[in-house]
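Architecture and fold: a report
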Amino acid sequence: MPQASKNKTASSRDIGMDLGTANTLVYARGHGIVLNEPSVVAVRAGTTTALAVGTEAKETIGRTPGSITAIRPLKGGVICDYEAAEEMIRHFVRKAVPGRRTRTRMVICVPSGVTPVERRAIVQASTRAGARSVHLIEEPMAAAIGAGLPVEEARGSMVVDIGGGTSEVAVISLGGIVTSQSLRVGGDRLDAAITDHVRKEYSLLIGERTAEDVKVAVGSAWPVPGRPELESATFTVRGRERVGGMPQSLVLTAADVRAALDEPVEAIIAAVRTTLEECPPELSGDVMEHGIVLTGGGALLPGLDLRIASATGIPVFVADAPLDCVALGSGKCVEDLDTLGRLLAPAKA
């Protein structure tokens, strides 16, 4: 199975796109994942002209002058800035599939909870960016396909996909989603929880990039046996005093960060419980036997699998290459649109 690495280009007309709140991955038919960049656009204030997109634009977050604004066109997995999203999609398509005159066929992943209006916004932005045809596939289905779950069999498979803006929980059988939950809690909410905790407990203001660094360095959802270094880890953050406004540093412990992450982690666990409660008994037995699979960037949070397993009594496994599962799932659809066509529906603008 192809793995995401540094960005490369391809000549395929058909692409799958994991249009994420935090990052966008593009899969080109016959080439695998060819692009993985942040979903960020830098524009000049008062205009819609993009000055930078992707990795280059992310470097400007929190460091731009007043005349330049760094925009994340998606929030909670859906488009919140139409023009910036269109520009971003166009840029990524051109970068992934350069020099093509024929318009591109696209398979785009969307959260299971998006509304018809939000679906139309994604389709219209993609069409205006150059797509000849657009198919939408729900993220938990794409994640399950990318993780190698037997989605077309008469067997219940449960996937929890934790992305940047949303967490998708679903039980899948016979090529369809039997029951699912979609909540606007993901990596961004985890970062915000750290920011809020530091502000409330220590009266220190830190930015979202610092919060993300803290999460990656010392974040965890549950003590992990065999990794005592996580419990003793610390991270020094630098920010601005809430009252005096002067620069200040603070040492955060793993326990501090785990306490900060408790609320959003509990929200994800509640969604897992609800999905299990709504699952038909026969499929519940399958899930009990085969376990729950975690995908998405949130799956990398140490101890999250153990905490969900403790809360549900069901084995929990982290997928191979969890960051790539949704893109790989859309890529499998791109590689074999005939076989997997019933999982997709042509989207109308």
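Below: a short report on this structure.

Reading the values: rules and limits
- Residues numbered from 1 in each chain as written.
- Predicted model: local features only at pLDDT ≥ 70, side-chain atom pairs only at ≥ 80, totals over all residues.
- Heavy atoms only, no water.
- Core = buried A, V, L, I, M, F, W, Y, C linked by side-chain atoms within 4.5 Å.
- Buried < 20%, exposed > 50% of the residue type's maximum accessible area, 1.4 Å probe, protein only.
- Helix = DSSP H or I, 4+ residues; strand = E, 2+ residues; numbered from the N terminus.
- Domains from an automatic or database assignment.
- Contact = heavy atoms within 4.5 Å.
- Expected span 1.5 Å × (residues − 1).
- Pairing = 2+ DSSP bridges.
- Right-handed = clockwise from strand over helix to strand, strands pointing away.
- Salt bridge = Lys/Arg side-chain N within 4 Å of Asp/Glu carboxyl O.
- Axes fitted to C-alpha atoms, helices over the stretch in contact; angles between N-to-C directions.
- Parallel < 35°, antiparallel > 145°, perpendicular 65-115°, else oblique.
- Nonpolar A, V, L, I, M, F, W, Y, C, P; charged D, E, K, R; others polar.

**Quick look at the nonpolar core**
The tendency in soluble globular proteins is for nonpolar side chains to be buried side by side. Counting residues in hydrophobic clusters, the biggest one holds 40 residues, and the most contacted among them are Met158, Val160, Ile194, Val265, Val272, Ile292 and Leu304. The leading source of residues in this core is helix α8 (residues 254–278), at nine residues. Each of two domains, domain 2 (151–185 + 262–322) and domain 3 (187–261), supplies a minimum of three residues to this core. Once residues within four sequence positions are removed from consideration, Val272 is found in contact with Met158, Val160, Val169, Ile292, Ile308 and Thr312.

**What about helix α5 (residues 187–202)?**
The end-to-end C-alpha distance of α5, which contains 16 residues, comes to 22 Å, matching closely the 22 Å that a straight helix rising 1.5 Å per residue would cover. Lining the buried residues of α5 we find β14 (204–205), α6 (208–218), β16 (247–253) and α8. Within two residues after α5, Ser203 carries a phi angle of roughly 50°, on the positive side.

**Some thoughts on the pairing of strand β2 (residues 23–28)**
Looking along a regular strand, one sees side chains alternate from face to face of the sheet. Most of β2 sits out of view: five of its six residues are buried. Looking at chain direction, strand β1 (residues 14–19) and β2 are connected through five bridges and run antiparallel. Opposite Leu19, over in β2, you have Thr24 as the bridge partner. Where β1 hands over to β2, the hairpin turn is made up of three residues, counted between the paired strands. Of the pairings in the sheet, the one linking β2 to strand β3 (residues 32–38) comprises six bridges and is antiparallel in character.

**A word on the pairing of strand β9 (residues 104–110)**
With six of its seven residues buried, β9 lies for the most part within the structure. The β-α-β motif built from β9, the intervening helix α3 (residues 116–128) and the parallel element strand β10 (residues 131–138) has right-handed crossover chirality.

**Some remarks on the pattern of salt bridges**
Enumeration according to the criterion identifies 16 salt bridges in this entry. The partner of Asp14 in a salt bridge is Arg29, with the nearest N and O atoms 3.0 Å apart. Here Asp14 is found in strand β1, whereas its partner Arg29 is found in the loop between β2 and β3, with 15 residues between them in sequence. For Asp14, a relative accessible area of 7% puts it in the buried group. In this structure, the salt-bridge partner of Asp14 is Arg105, at a minimum N-O distance of 2.7 Å. With a gap of 91 residues between them, Asp14 in strand β1 and Arg105 in strand β9 connect regions that are remote in the sequence. Connected through shared salt-bridge partners, Glu86, Glu87, Arg90 and Arg128 make up one network.

**Quick notes on the sheet that holds β14**
Strands pair in a sheet through their backbones, by hydrogen bonds, and they do so in one of two ways: parallel or antiparallel. Read from one edge of the open sheet, three strands run β14-β15-β16, paired in antiparallel fashion. In this open sheet, the two edge strands, each paired with only one partner strand, are β14 and β16. Here seven bridges tie strand β15 (residues 234–241) to β16, and the two strands are oriented antiparallel to one another. In the strand pairing of β16, Thr236 is matched with Val251. Where α6 meets the sheet, it contacts β15 and β16, and its direction lies at approximately 165° from that of β15.

**As for the packing of α5 against α6**
Packing of α5 against α6 brings their axes to within 8 Å, and their N-to-C directions diverge by 100°. Regarding the angle of α5 to α6, the classification is roughly perpendicular. Here α5 contributes Gly187, Leu190, Asp191, Ile194 and Thr195 to the contact with α6, which in turn contributes Ala211, Glu212, Val214 and Lys215. Per-class residue counts for the contact of α5 with α6 are four nonpolar, two polar and three charged.

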